[in-house]
Every structure is written in C-alpha cells, then in structure tokens.
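Residue-level listing of the chains:
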Amino acid sequence: MLADWQYIGIFLAISPIFPAAPVLLQWLLGPKKPNSIKNSAYECGIETVGDTWIQFKVQYYIYALIFVVFDVEAVFLFPIAAAYGQLSLFAIGATALFIILLADGLAYAWAKGALEWI
Amino acid sequence: MNAESAGQLAWITLVVGGIITFAVITGFAYTTLLERKVLARLQHRVGPNRAGYVPIPRRGKKERRLLGGFMQPAADAVKLFMKEDITPIYVDNVVYNLAPMLTVMPVILTLAVIPWASSVTLFGIDYPYLAIAPGLNVALLFVLAITSIEVYGVVLAGWSSNSKYAVLGGIRSTAQMISYELALGLTLLVPVMIAGSLNLNDIIVSQQETAWFTILQLPASIVFFVAALAEMQRAPFDLLEAEQELSSGYNVEYAGMRFAMFFMAEYMKMIVFSALWVVLFLGGYDIPFINEAAIVSSADSTVVTILIAAGQVLSIILKIVFSLFLMIWIRASWPRLRYDQLMDLGWKTLLPISLLNVIVTGVMIVLAEEGVFNSLISAFGG
C-alpha cells in the first residue's frame, strides 16, 4: 500500500519543475529595466491611501466557522460511503442520524441568520 | 504491480508523469484557444485567425484559410517569454514569488490519480490502469485534500501583493472556495457509495457494469459541475476577478510569466475538474456501447490491446473537450452572480440538495439490496 504513495512522492518532487521552468526562462530572456513608476502599485494609477492589510468583513469569518464544522464532519462520511455495501442496517441507521444532525446544524445556522450576507 | 527497484520506479514515474503533465500543459494552451474561438463564435466574431493557418488556393478566388489561429498559443507563449517581469516595490517578496507556484502545483498533483486507460503494461510494469500514480486506494480523498490546498495560492497572492484590489479578491475567493467545497465533497460521496470504493478506476469499472452515474445520479452530476465551476472561479462565479469592481482581483499586481502561472492554473483546473467530472459521472475512459475488457480478452493480441487503450484515451479526451465546451458555453451565456447570490446558491441550494441526495441514494441502495425494486418490477412489469 505504501508503494502506491511512492509514485505520488516522486511526482511531488518533479512537479515544481513545470511552473518554475517558464518563470526561470522568462527571467533569462526578458528585459530588465525597472523604474520607480513602473514598480509602483497598480491599483488605480495613484498611490494607495492607508494600510492595505486592513480588517475585513466579519461575515467571511462566520462562513469559515460553519465550514470547519461541516468539513470535519463530512470527512467521517467518506469511510462510511466506501464501505456502504457491507454495513449492517444498524450502522446505516446511525449514519442517517449523523447526517440528520449535520443537516440540523445547517438549519440552526440558517435560522440564526449566519448565512445571510449583510 | 511488480516494481523492481526504487530507481526504476522513479525513472518510470518521471517519464509517465512528464509525458502526461506535458500533454495536459499543451492541452491548457489549446484550451485557451478553444475558449477564445468558441466565445468569439458565440458572439458572432471570428476569433484569433492570423497566427498559423493552412492556405488552400482556389482558382480565381481568394485563397481559403483552414485552421486559422492554431499557432496562437505558441505565439502567446513566445510573447510572454520576451516580456519584462515587473515586481512592484511594496510587495512581500518571498510570498509574492511563492504564490504562483503554490497555485499551479496542486493542480498538477491532482493529475497524478486520474486514470486515462484501463490496464496496460509499460516498461515491464503492469499498470492496473494508466495513471501517474496507479492503485492509490484513497484517490478521491487525495483529490479533495489537494483541492483544499489550492486556495492558499490565491489567498497568499492577494495578501502579498499589498494592493487593495488584490486583497479583496483573495478574501472573496477564500470564502467562495470553502463554501462550494462542502457541496463538492458531499456530492463525491454518491459515486463512492454506489461503487463502494474511493479508487477512481473502481468507480469507472462500476459505471461500466451498470450505467454512467450521470444517468443514475443526474442531480449529483449537476451539483458537482456547478460546484466545480465555483471551485475553479469560472464564470458565472468569477467574483474574485470581477473586472468592473476589482480590475483583475488577486493577480492584479502580477506581470509576465508569474501572471501566466495563475492563468495556467485556472485553465489546468478546468481540465482537471473536467477529467474528474468525466471519471465520476461520464464513465471516464469507458467507450460507450463497447465492452473493451471482453474484446481484449477474446482477441488476446498486443495490437488489439494497444488499439483499445488508444481508443480509451481518445474517449476520455473527447469527453473532457465536451465538458470544456460546456464551461465555455456557460461563460458566454450567464451573467456574473452578486456575492450574496453566490453564497446563497452554495449554502442554501447546493448544500441541502447534496445532503438530501446522499440520504436518498443511501435509502435506494438499501432498498435495491433488499430486492424491493426487483419485486416491484416483477409485480408491475412482469
């Protein structure tokens, strides 16, 4: 079983070549004539006002929280799905309960208004 | 699998991986051309037709030009190589240079598990199926894990650019990608439940035995396609690069080849997700109406085996092109969603549908195992 991962490991080692080679080639071929105007931030043509790394909307954070709950739970469903044909009726009932709890979590977040984009 | 030594294994993976990745990168170049050509046709334009064509002279008339524009990707590449790569002074240098790599690498890694043909023998090693990493029994989990990493490239690119447009684009993309990942992950459960395996080849074999999962599971197929569109930030979900509001989003401060890497990641993601959709729901390398395994075992000759393998590769490529065409068609047809609409679609439509679909499929499988359908068919039909 570990042998199957050897291929992934080797491929992981060679995969950076594909994005790195063109960048390196351009670095060799392309012209290099920087000046202060060319190297300024693009934005809208004038200098940025204030700090860029600012606070952002809390709603993004709430979505991330709900995501973590769901994603961690969804991972448990994969082994169950892979072995679904061999499960007893009791195990299937337990899984159904698990999915209902998952749906209940979504319904709670929905009812609390966490899914509203304000 | 009878791999002799680690060195040989490394060499073979290098060759097979190199060839497949190179083919997909060429495919990426021609996907850009396909997109420009198809979009142009859908908008009553001609599209790129100058770079490379086959002239066919006609007597008395202007010559006919076939395949106009087929060298366009090569021309684009040469132009990109000759351009200056600008690094703005305010950027966070390390992260700024790392982000394009981090965006492309996961997409290339996902390629490792996609099966292109059934069992073949390459360089004396029996492949259970033709893939860079054959036999990986948790292939689908691997794909899910890797697609989660993809978001880092985009976020870090936005953050390190130190430009407000880029930061906004990066944050938007994070929220969007994690929202649709849930629907995507839950939809993946359905083929796994029917096939009873996380191995992509087993899922294809299961489809060969029954029917393509698009026929059995149309809702799951559609939810997967829509969630995949959102995952790869394609129109109509391309909010992170909404030109009118964010000029270009997270990659606005990038130029030259490093910008092209984001472009490459986007189009390779199109190919990879198309391949996944095809493998999970359109029968993968399965050639419709032909039982390949029976032909191979009855003919028992190397030529037939090679021909069937070639046919399978052609089959999956044609299906991928069909999927790419669908994506381009959708881009030409739908206007971009508003951000709250995007979030509502992900959380309030696709997620409940995919949850319900998992439950319904589970019940159906149990009923089928108990023989309820067979007795129903014999009661009404027989």
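Before any of the text, the structure's been laid out above.
Reading guide: rules and limits
Residues numbered from 1 in each chain as written. Chains lettered and ligands numbered in written order. Predicted model: local features only at pLDDT ≥ 70, side-chain atom pairs only at ≥ 80, totals over all residues. Heavy atoms only, no water. Helix = DSSP H or I, 4+ residues; strand = E, 2+ residues; numbered from the N terminus. Buried < 20%, exposed > 50% of the residue type's maximum accessible area, 1.4 Å probe, protein only. Contact = heavy atoms within 4.5 Å. Areas by Shrake-Rupley, 256 points an atom, 1.4 Å probe, with all protein chains shown as cover. Axes fitted to C-alpha atoms, helices over the stretch in contact; angles between N-to-C directions. Parallel < 35°, antiparallel > 145°, perpendicular 65-115°, else oblique. Left-handed = near helix turned anticlockwise from the far one by under 90°. Nonpolar A, V, L, I, M, F, W, Y, C, P; charged D, E, K, R; others polar. Salt bridge = Lys/Arg side-chain N within 4 Å of Asp/Glu carboxyl O. Polar contact = N/O pair within 3.5 Å; in protein donor to acceptor, adjacent residues only side chain to side chain. Core = buried A, V, L, I, M, F, W, Y, C linked by side-chain atoms within 4.5 Å. Domains from an automatic or database assignment. Phe/Tyr/Trp six-rings, centres within 6.5 Å; stacked < 30°, edge-to-face > 60°. Lys NZ or Arg CZ within 6 Å of the ring centre and 35° of its normal.

### Focus on the overall build of chain B
(1) Moving on: Scanning chain B from terminus to terminus reveals 14 helices and four strands.
(2) Moving on: Expressed as a percentage of its 382 residues, the buried residues of chain B come to 53%.
(3) Moving on: Residue pairs in contact within chain B that sit at least 24 positions apart in sequence constitute 75% of those at least 6 positions apart.
(4) Moving on: A total of about 16,300 Å² of accessible surface is found on chain B, and carbon and sulfur atoms cover 68% of it.

### A few points about the environment of R65(B)
Residues and elements named next belong to chain B.
(1) Moving on: By the secondary structure assignment, R65 is in strand 2 (residues 64-66).
(2) Moving on: In sequence terms R65 and F263 are 198 residues apart; their C-alpha atoms lie 29 Å from each other.
(3) Moving on: For R65, the residues in contact, after removing those within four places along its chain, are Y53 and V54.

### Notes on the packing of helix 5 (residues 164-195) of chain B against helix 13 (residues 339-369) of chain B
Residue and element names in this part refer to chain B.
(1) Moving on: Two elements in contact, helix 5 and helix 13, have axes whose closest approach is 9 Å; the angle formed by their N-to-C orientations is 15 degrees. Judged by the angle between their axes, helix 5 and helix 13 are roughly parallel. In the packing of helix 5 onto helix 13, the handedness of the crossing is left-handed.
(2) Moving on: The residue makeup of the contact of helix 5 with helix 13, split by class, is 19 nonpolar, eight polar and one charged.

### Structural notes on the interface of chain B and chain A
A common way to report how large an interface is uses the accessible area buried once the components associate.
(1) Moving on: Taken together, the contact pairs 84 residues of chain B with 64 residues of chain A.
(2) Moving on: Taken together, chain B and chain A are joined by one salt bridge.
(3) Moving on: Note that E116(A) is salt-bridged to K348(B), the shortest N-O span being 2.8 Å.
(4) Moving on: Across the chain B-chain A interface, the total number found is six residue pairs in polar contact (both at pLDDT 80 or more).
(5) Moving on: Looking at the side of chain B that touches chain A, the elements with two or more residues in it are helix 1 (6-42), helix 2 (72-81), helix 3 (93-110), strand 4 (125-127), helix 4 (139-160), helix 5, helix 10 (256-281) and helix 13 of chain B.
(6) Moving on: Broken down by element, the side of chain B that touches chain A gets its largest block of residues, 16 residues, from helix 13 of chain B.
(7) Moving on: Partitioning the side of chain B that touches chain A into residue classes produces 57 nonpolar, 15 polar and twelve charged.

### Notes on the nonpolar core
(1) Moving on: Grouped together as the largest cluster of nonpolar side chains are 126 residues, with contacts concentrated most on W116(B), L200(B), F224(B), M268(B) and W347(B).
(2) Moving on: Top element by residues in this core is helix 10 of chain B. It accounts for 18 residues.
(3) Moving on: Composition of this core by domain shows at least three residues from each of domain 1 (2-29) and domain 2 (58-111) of chain A.
(4) Moving on: Apart from residues lying up to four places away in sequence, F224(B) is in contact with L184(B), T187(B), L188(B), F273(B), L276(B), W277(B), L280(B) and F281(B).

### A few points about the packing of aromatic side chains
(1) Moving on: For the coordinates displayed, the defined rule picks out 14 aromatic pairs over all chains.
(2) Moving on: Residues W5(A) and F142(B) carry aromatic rings whose centres are separated by 6.0 Å and whose planes lie at 70 degrees to one another, so their mutual orientation is edge-to-face. Placement of W5(A) in helix 1 (residues 2-14) and of F142(B) in helix 4 is noted, with the two residues assigned to different chains.
(3) Moving on: With relative accessibility at 33%, the residue W5(A) sits in the partly exposed group.
(4) Moving on: When its relative accessible area of 9% is taken as the criterion, F142(B) is described as buried.
(5) Moving on: Where Y254(B) meets F262(B), the ring centres are 4.8 Å apart and the plane angle is 75 degrees; that geometry is what we call edge-to-face. For the pair shown, Y254(B) and F262(B) are each scored as buried.
(6) Moving on: A connected cluster of aromatic rings, assembled from ring pairs, spans F28(B), F259(B), F263(B) and Y267(B).
(7) Moving on: The positively charged end of K32(A) is found above the aromatic ring belonging to W27(A), 5.3 Å away from the centroid.

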